[in-house]
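Analysis of the macromolecular model
So the chains spell out like this:
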Amino acid sequence: PVIYGRTTGVSALGLLVALVLLTGGLHLDGLMDSCDGLFGGHTPEQRLAIVPAGALLGDLDAATQQHGLVCPNGAVSHTGVAGLTLGGGMGRMMRRFGLTIDSLTGVDILTADGRQISVSHEENPELFWGMRGAGANFGIALSFRFRLHEAGPSVVAGAAVWPADRAYEVADTFREWSVSASDDLTAALSLFVAGDAFGADLAGRPIVAEMSAGHGD
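Described in the following lines is the structure provided in the data block. Every chain is numbered independently, its residues counted from 1 as its sequence is written. This being a predicted model, a pLDDT of at least 70 is required before a residue's local features are given, and a value of 80 or more before pairs of side-chain atoms are given or counted; all residues contribute to the totals for chains, interfaces and linings. Excluded from the side-chain calculations are hydrogens and water; all other atoms, namely the structure's heavy atoms, are used.

1. Structural notes on the nonpolar core
Defined as follows: Nine residue types can take part in a nonpolar core, namely buried Ala, Val, Leu, Ile, Met, Phe, Trp, Tyr and Cys, and a core is a set of them joined through side-chain atoms within 4.5 Å. Three labels apply to residues, based on accessible area from a 1.4 Å probe with only protein chains included: buried if under 20% of the type maximum, exposed if over 50%, partly exposed otherwise in between. Under the scheme used here, helices are H or I runs from DSSP no shorter than 4 residues and strands are E runs no shorter than 2 residues, and both carry numbers assigned from the N terminus.
Counting residues in hydrophobic clusters, the biggest one holds 23 residues, and the most contacted among them are Val51, Val81, Val107, Val119, Phe144 and Phe146. Looking at this core, the elements that each hand over two or more residues are strand E1 (48–52), helix H2 (57–65), helix H3 (81–86), strand E3 (104–110), strand E4 (116–120), helix H5 (125–134) and strand E5 (140–147).

Printed below as a string of structure tokens:
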């Protein structure tokens, strides 16, 4: 099982969790790393998913795409669903569907006093508000409930790259273009030092890159 948490040193919450797990005081059967049983009793037509805390984005994408559905999430398939969601969740479809937390409808968590509770707009709404972007501070996420959207299976994605000395020119053009681009196209502009994947001519050099993904007509 995978437990998501964020600590600096030994915390009271960490000690509580260790104690509970060692003494068998709590059964965390829901802390799985598989999206089997994704819909949790719902039908795909209802577009609701229950995702265990240990799942990766690739697991979630594979399970939802079997039904032509998607949960807007990040850009790297081996990222954990828990960490991405609790931090907000930027991804390749956020222009159309928003951040990952915009599709989050509920979370089951283990609190610092050892209680397992559900949070949503209807249950513990203030705690749910806090978890949508700062969730690592309030307990251990056990599972997530998401609203799904129709998208796929075809997505067009790519990148255009320029030397970093053209950054101002590229940024001006990107700003003008992106304002009127379709909501089905999510794009981002980045400045970084190119790695080996960019080829021998660019590796080790500062570059500006425009990366985009589109899923509409």
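2. Re the sheet that holds E4
Heads up, the rule is: A strand pair is defined by DSSP finding two or more bridges across the two strands. Note on geometry: axes are C-alpha line fits, over the in-contact stretch for helices, and angles between N-to-C directions span 0 to 180 degrees.
If you walk across this open sheet you meet the four strands as E1-E5-E3-E4, and the pairing is antiparallel. Only two strands of the sheet have a single neighbouring strand rather than two, namely E1 and E4. Direction aside, neighbouring strands of the sheet carry axes that sit 20° apart on average. Here E3 runs beside E5; their pairing, made up of six bridges, is antiparallel. Within E5, the residue paired with Leu110 across the bridge is Ile140.

3. Details of the pattern of salt bridges
Condition: Salt bridges are identified by distance alone: a Lys or Arg side-chain nitrogen within 4 Å of an Asp or Glu carboxyl oxygen.
Within this structure, the stated rule accounts for seven salt bridges. With a shortest N-O distance of 2.9 Å, Arg96 and Asp184 are connected by a salt bridge. Residue Arg96 is located in helix H4 (residues 94–97), and its partner Asp184 is located in the loop between helix H6 (167–180) and strand E8 (185–193); the two are separated by 88 residues in the primary sequence. When its relative accessible area of 40% is taken as the criterion, Arg96 is described as partly exposed. Linking Asp113 and Arg115 is a salt bridge whose minimum nitrogen-to-oxygen distance equals 3.0 Å. Accessibility expressed as a relative area gives 51% for Asp113, which makes it exposed.

4. Focus: H5
Note the following rule: To obtain the arc, one takes the directions from the helix axis to the C-beta atoms. Any two residues whose heavy atoms approach within 4.5 Å are treated as being in contact.
Restricting attention to buried positions, one finds in H5 the residues Phe128, Gly130 and Met131. For H5, the angular spread of buried residues about the axis comes to 165°, placing them on one side. Structural note: H5 exposes Glu126 and Trp129 on the side pointing more than 90 degrees away from its buried face. Buried residues along H5 sit in contact with H3, E3 and E4.

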